[in-house]
Amino acid sequence: MTVLRTARFGFFKSSPHINPLWGRTSTPAVFEIALCAISLILCPASCLIPWATIELYDGSVGKFLVSLGDNDGVYTIFNWVQTSLPSVLDSMRLYGIWVIFQATLFVALPGATVYGETTPAGNRLRYKINGLLSWFLTIGVYILGGLCSWWDADIVVKQWSGLMVAANAYGIVLTILAYVKAHVSPSHSSDRKFSDSLFHDIFAGIELNPRIGHFDLKLFNVGRVGMTAWTIVNLSLAASQYQHFGYVCNGMIVVNILQNIYILDFFYHEEWYTRTIDIAHDHFGFYLAWGGAVFIPSMYTIQAQYLAHYPANLSRATALIILLVGVSGYWMFRASNHQRTVARRTSGNCVIWGKKPVVITAHYTTSNGAKHTNLLLCSGFWGIVRHFNYIADLILTFAMCASCGTQNVLPYAYFIYMTVLLIHRSSRDEDRCSKKYGKDWDLYKAQVPYALIPGIY
Ligand code: NDP
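Here, residues in each chain are numbered from 1, in the same order as that chain's written sequence. This being a predicted model, a pLDDT of at least 70 is required before a residue's local features are given, and a value of 80 or more before pairs of side-chain atoms are given or counted; all residues contribute to the totals for chains, interfaces and linings. Only hydrogens and water are set aside when side-chain values are computed; all heavy atoms of the structure are taken into account.

A.B. asks: Even after reading the chapter, I still don't get the pattern of salt bridges, so can you show me in this structure?
C.D. replies: A side chain of one charge can pair with a side chain of the opposite charge when the charged atoms of the two come close. When a carboxyl oxygen of Asp or Glu is within 4 Å of a side-chain nitrogen of Lys or Arg, the pair counts as a salt bridge. Applying the stated rule across the entire model yields 15 salt bridges. Here Arg-425 makes a salt bridge to Asp-278, at a shortest N to O gap of 2.9 Å. Linking Arg-425 in helix 18 (residues 413–437) with Asp-278 in helix 13 (residues 277–280), this pair joins segments that are 147 residues apart in sequence. When its relative accessible area of 13% is taken as the criterion, Asp-278 is described as buried. Through salt bridges with shared partners, one network takes in Asp-152, Asp-154 and Lys-158. Put simply, DSSP marks the helices as runs of H or I at least four residues long and the strands as runs of E at least two long, and each gets a number from the N terminus on. Partly exposed residues are those whose accessible area sits between 20% and 50% of the maximum for their type, while under 20% is buried and over 50% is exposed, using a 1.4 Å probe and protein chains only.

A.B. asks: Can you walk me through the site of the ligand in this structure?
C.D. replies: Think of it this way: one heavy atom of a residue within 4 Å of a molecule or strand is enough to make that residue near it. Among the 26 residues in the neighbourhood of the ligand, the closest are listed as Tyr-300, Arg-425, Asp-429, Lys-436 and Tyr-437. For the ligand, a nitrogen atom lies 2.9 Å from a polar atom in the backbone of Leu-377. Within the residue set of the shell around the ligand, elements represented by two or more residues are helix 16 (316–345), strand 6 (371–377), helix 17 (388–402) and helix 18. Top element by residues in the shell around the ligand is helix 18. It accounts for eight residues. Nitrogen and oxygen atoms within 3.5 Å of one another constitute a polar contact, given that in protein one can donate a hydrogen and the other can accept it, and given that sequence-neighbouring residues count only through two side-chain atoms.

A.B. asks: Just checking my understanding: could you explain a nonpolar patch on the surface for this structure?
C.D. replies: Note on patches: the residues involved have over 30% relative accessible area and no salt bridge, like charges join within 9 Å, and the nonpolar side chains Val, Leu, Ile, Met, Phe, Trp and Tyr join within 5 Å. Using a 1.4 Å probe, accessible areas were evaluated by the Shrake-Rupley method; residue-level cover was limited to the displayed protein chains. Side chains of Ile-172, Ile-176, Val-180 and Val-184 sit close together on the surface and give an oily, nonpolar patch of about 320 Å² of accessible area. Relative to the elements of secondary structure, Val-180 occurs in helix 8 (residues 160–184).

A.B. asks: Help me out: how do you make sense of the pairing of strand 6 in this one?
C.D. replies: A regular strand carries its side chains on alternate faces of the sheet. Being paired, for any two strands, means DSSP has found at least two bridges between them. Direction of pairing for strand 5 (residues 359–365) relative to strand 6: antiparallel, over a ladder of seven bridges. Among the inter-strand pairings, Thr-361 is bridged to a residue of strand 6, identified as Leu-375. Hairpin remark: strand 5 followed by strand 6, antiparallel, with five residues in the connecting loop; positive phi at Gly-369, about 90°.

A.B. asks: What am I meant to see in the domain arrangement of the chain here?
C.D. replies: Accessible area lost during the coming together of the parts is what is often quoted as the interface size. Each assigned domain of the chain is listed with its residue range as follows: domain 1 (1–46 + 85–313) and domain 2 (315–457). What counts as a domain boundary in this text is fixed by an automatic or database domain assignment. Between the C-alpha centres of domain 1 and domain 2 the distance comes to 23 Å. Buried area between domain 1 and domain 2, both sides added, is near 3500 Å², and the carbon and sulfur share of it is 62%. Taken together, the links from domain 1 to domain 2 amount to four salt bridges. One can count nine residue pairs in polar contact (both at pLDDT 80 or more) joining domain 1 with domain 2. Elements that contribute at least two residues to the side of domain 1 that touches domain 2 include exactly helix 11 (250–268), helix 13, helix 14 (286–299) and helix 15 (302–309). Here the side of domain 1 that touches domain 2 takes 10 residues from helix 11, the largest share from any one element. Considered class by class, the residues forming the side of domain 1 that touches domain 2 number 23 nonpolar, 10 polar and five charged. Summed over both partners, the accessible area (1.4 Å probe) lost when two parts come together is defined as the buried area. Lys, Arg, Asp and Glu make up the charged group, whereas Ala, Val, Leu, Ile, Met, Phe, Trp, Tyr, Cys and Pro make up the nonpolar group; the residues left over, Gly among them, are polar.

A.B. asks: Teacher, can you tell me more about the packing of aromatic side chains here?
C.D. replies: In this description, a pair of aromatic rings is defined by centroid distance and the angle of the planes. For this analysis, a ring pair means two rings from Phe, Tyr or Trp (six-membered ring only for Trp) whose centres lie within 6.5 Å, classed as stacked if their planes differ by under 30 degrees, edge-to-face if by over 60, and tilted for the remaining angles. This structure, assessed with the given rule, holds 35 aromatic pairs. Ring geometry for Phe-245 against Tyr-247: centres 6.4 Å apart, planes inclined by 70°, an arrangement best described as edge-to-face. Given a relative accessible area of 36%, Phe-245 falls into the partly exposed group. Ring plane angle 40° and centroid distance 6.3 Å describe the contact between Tyr-330 and Phe-333, whose orientation is recorded as tilted. Residue Tyr-330 and its partner Phe-333 are both found in helix 16; the two are separated by three residues, about one turn of the helix. By relative accessible area, which is 18% here, Tyr-330 ends up buried.

A.B. asks: I'm lost on the UniProt feature "transmembrane region" (unreviewed entry) in the chain in this one. Help?
C.D. replies: UniProt positions are given in the numbering used here, feature names are shortened, and annotations may be inferred rather than shown by experiment. In the UniProt entry, the feature "transmembrane region" (unreviewed entry) is given for residues 29–52, 95–115, 127–147, 159–180, 284–302 and 314–333. Between the end C-alpha atoms of residues 95–115 there is a gap of 31 Å, over a span that is 67% helix and 19% strand. Along residues 284–302 the backbone is 79% helical and 0% strand, and the end-to-end C-alpha distance reaches 25 Å.

A.B. asks: Explanation requested: the state of the cysteines in the structure shown.
C.D. replies: Such a bond, covalent and formed between the sulfur atoms of two cysteines, is termed a disulfide. In this description, the term disulfide denotes a pair of cysteine sulfurs within 2.5 Å. One pass over the full model with this rule turns up zero disulfides. Cys-47 supplies the cysteine sulfur nearest to Cys-43, a cysteine that is in no disulfide, at a spacing of 9.2 Å.

A.B. asks: I would appreciate a short explanation of the side chain of His-283 in the present structure.
C.D. replies: By the secondary structure assignment, His-283 is in the loop between helix 13 and helix 14. A distance of 2.7 Å separates a polar side-chain atom of His-283 from the backbone oxygen of Ile-206. It only takes one pair of heavy atoms within 4.5 Å for two residues to be counted as in contact. Apart from the residues lying within four places of it in its own chain, the contact partners of His-283 are Arg-24, Asp-191, Arg-192, Lys-193, Ala-204, Gly-205, Ile-206, Glu-207, Leu-208, Lys-218 and Leu-288.

A.B. asks: I tried to follow the confidence of the model for the chain on my own but got confused; where do I start?
C.D. replies: Per-residue pLDDT for the chain averages 92, and the proportion of residues at 70 or more is 95%. The lowest-confidence element of the chain is helix 4 (residues 71–84), averaging 76 in pLDDT; the highest-confidence one is helix 11, averaging 98. This stretch, residues 1–11, has a pLDDT under 50; its non-local contacts, to residues over four places away or in other chains, come to 29 contacts. Within a predicted model, pLDDT stands for the predictor's per-residue confidence, ranging from 0 to 100.

A.B. asks: It is not clear to me how the packing of helix 10 (residues 217–245) against helix 15 should be interpreted in this structure. Could you clarify?
C.D. replies: Between two packed helices, what matters for the description is the angle formed by their axes and the separation of those axes. For helices, the fitted axis covers only the stretch in contact; all axes are lines through C-alpha atoms, and the angles between them, taken along N-to-C directions, range from 0 to 180 degrees. Between helix 10 and helix 15, whose axes approach to 8 Å, the crossing angle comes to 5°. The angle between helix 10 and helix 15 places the two elements in the roughly parallel class. Only Ala-304, Gln-305, Leu-307, Ala-308 and His-309 of helix 15 make contact with helix 10, whose side of the interface consists of Asn-234, Leu-237, Gln-241 and Phe-245. For the contact of helix 10 with helix 15, the class distribution of residues is five nonpolar, four polar and no charged. Oblique is the label for every angle not falling under 35 degrees (roughly parallel), over 145 degrees (roughly antiparallel), or within 65 to 115 degrees (roughly perpendicular).

A.B. asks: Can you help me understand the environment of Asp-58 in this one?
C.D. replies: Tracing the sequence through the fold places Asp-58 in the loop between helix 2 (49–56) and helix 3 (61–69). In this structure, the C-alpha to C-alpha distance between Asp-58 and Tyr-306, residues 248 residues apart in sequence, is 9.4 Å. Apart from the residues lying within four places of it in its own chain, the contact partners of Asp-58 are Thr-53, Lys-63, Tyr-310 and Asn-408.

Structure representation (structure tokens):
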């Protein structure tokens, strides 16, 4: 207990801070701290589990779990990791080039200037939005390099284990950097959140939007290092399937289409991303540093990893239905997010589903004492449940997994993970909004009583 609640390192202790009025908790329960500690220890190795299950256990989670109970299981995995590590130094170099290339595009490409949400301490940060151009350029360079034989199109697959080591090293170093920076050189000191647990502060982060000069670590790491990698890993896996089997199965094509629609949308609406929980609420610690660097490229690509080894040749009708379900999920995801943006941008003077929207003017105070208001939309998709965008996201996510057929549960791990993440996220968000808006949030809840499923939850 005392170990979990270890105070901050001595020389950091004196950092003056005001805990902002809302945002991540400053008083985590022991259970939460324990979960942070366990995640910090176990997460780095977890990224190899899907790959090991696919390569060593026919993609069967059951066989993987049985092997863990067997004495030789862990040894087999350890041995496999060792022998499949190509040359870690080569992978480190490749990964370093990747991060530097992304950072160069992030800094050098032109982009529109936008302002994020007002932070709990009353700051409004400026962002340069150039993710879409950066994404297209990265894909262009990757394809050009493959065509000109500068590298193999399946380079990421060939160096997978080495790249995972490199990504882990980067994610961990970034986490430590964020923790130390938060104490010694914070970008916006009044937007920091501390707790009395070292583990919680490292995992959940202290600074809200850490920057080095104008370089925003959060937007860069999640967007460029994470989301762009998602596309490149998937393309590399499709190339690998082609090289092994001589064709790319329709399941792989559907997965690539659906996931790239989602990623393209992310970059096309990058301004919107600055107002989401990742940027406006979550602080920058292991969760976002390691998550962007390792979790997105290794776990969000699980369907393509699976299909690269076990192609799913779906009937045309099945592939089409899955594609349609996925695109419908995406459309609802985008349309619901758009309704909320438009309602706020026009101060409610717009038309949603043929009518003037129902809105609540919610009041909040930042920790500098300034009073503000925001509109909460209560009609359209937002009159059905309070997190309609999550439901739409889950429909799309399910379609991505269904593209892998029904042979194994492994590709569905992504859907299971997203369901848990979004349920937990909805309750975190409710908690935050309730602290931020007080009785106006209660009014909203009275108007739209269900969080995720009408009549049930
Ligand atoms: P939201 O984009 O839904 O943002 C929540 C915030 O929106 C609230 O904190 C509040 O912020 C504001 N808000 C809440 N209700 C209303 C309302 N009725 N009217 C207007 N504003 C409202 O959540 P996320 O940031 O979690 O998600 C963004 C998208 O990304 C989602 O569509 C989600 O599905 C997706 N996502 C995808 C993930 C992935 O890994 N693929 C992971 C997480 C999310 P405030 O009032 O303070 O502005």
